[in-house]
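Understanding the architecture of this molecule
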Amino acid sequence: MALLGQDCERPSGETAWTILDAANDLGDTVTVDACRRVIDADLRGDTPATSDMAVLTAFFG
């Protein structure tokens with residue numbers, strides 16, 4: 001999951017915003033929701049859920 005940030009524990013909020021923009025364009029509501037939760041966790045300083053990180057990673061796969 002290095003694609004999403006510096007390491008697996010702290011994904012880049014900026015990367016999640018980029019994925020959010022693309023997912024919105026594609027109408028991918030599952031990814032949009034996961035991005036929002038990852039962004040919220042990043043803003044709070046929390047670790048995002050593993051399941052949300054898997055959704056973001058799968059967006060590129």
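Structure: above.
For clarity, every value in this text was computed on a predicted model and none was experimentally measured.

Some details on the packing of helix H2 (residues 29-44) against helix H3 (residues 50-58)
Two measures define how a pair of helices packs: the angle their axes make with one another and the distance between the axes. In contact at an axis separation of 9 Å, H2 and H3 are set at 125 degrees when each is read in the N-to-C sense. Relative to H3, the element H2 is oriented oblique. The way H2 lies across H3 gives a crossing that is left-handed. Contacts from Val30, Thr31, Ala34, Cys35, Arg37 and Val38 of H2 reach H3 at Asp52, Met53, Val55 and Leu56. Looking at side-chain class alone, the contact of H2 with H3 contains seven nonpolar, one polar and two charged residues.

Some thoughts on the packing of helix H1 (residues 13-26) against H2
Close contact between H1 and H2 brings their axes to 9 Å; oriented N to C, the two are set at 160 degrees. With respect to H2, the element H1 is oriented roughly antiparallel. Remark: the crossing between H1 and H2 carries left-handed chirality. Residue-level inspection shows Gly13, Ala16, Trp17, Ile19, Leu20, Ala23 and Asn24 of H1 in contact with H2, the latter providing Thr31, Val32, Cys35, Arg36, Val38, Ile39 and Asp42. Residues of the contact of H1 with H2, tallied by class, amount to nine nonpolar, three polar and two charged.

Structural notes on the packing of aromatic side chains
In total, this model carries one aromatic pair according to the counting rule given. Judged by centre distance (5.9 Å) and plane angle (85 degrees), the rings of Phe59 and Phe60 are edge-to-face. In this structure Phe59 comes out as partly exposed when scored by relative accessible area, which is 22%.

Focus on the side chain of Thr31
Here Thr31 lies in helix H2. Contacts of Thr31, omitting those with residues within four sequence positions, involve Ile19, Ala23, Val55 and Phe59.

Criteria and cut-off values
Residues numbered from 1 in each chain as written. Predicted model: local features only at pLDDT ≥ 70, side-chain atom pairs only at ≥ 80, totals over all residues. Heavy atoms only, no water. Axes fitted to C-alpha atoms, helices over the stretch in contact; angles between N-to-C directions. Helix = DSSP H or I, 4+ residues; strand = E, 2+ residues; numbered from the N terminus. Parallel < 35°, antiparallel > 145°, perpendicular 65-115°, else oblique. Left-handed = near helix turned anticlockwise from the far one by under 90°. Contact = heavy atoms within 4.5 Å. Nonpolar A, V, L, I, M, F, W, Y, C, P; charged D, E, K, R; others polar. Phe/Tyr/Trp six-rings, centres within 6.5 Å; stacked < 30°, edge-to-face > 60°. Buried < 20%, exposed > 50% of the residue type's maximum accessible area, 1.4 Å probe, protein only.

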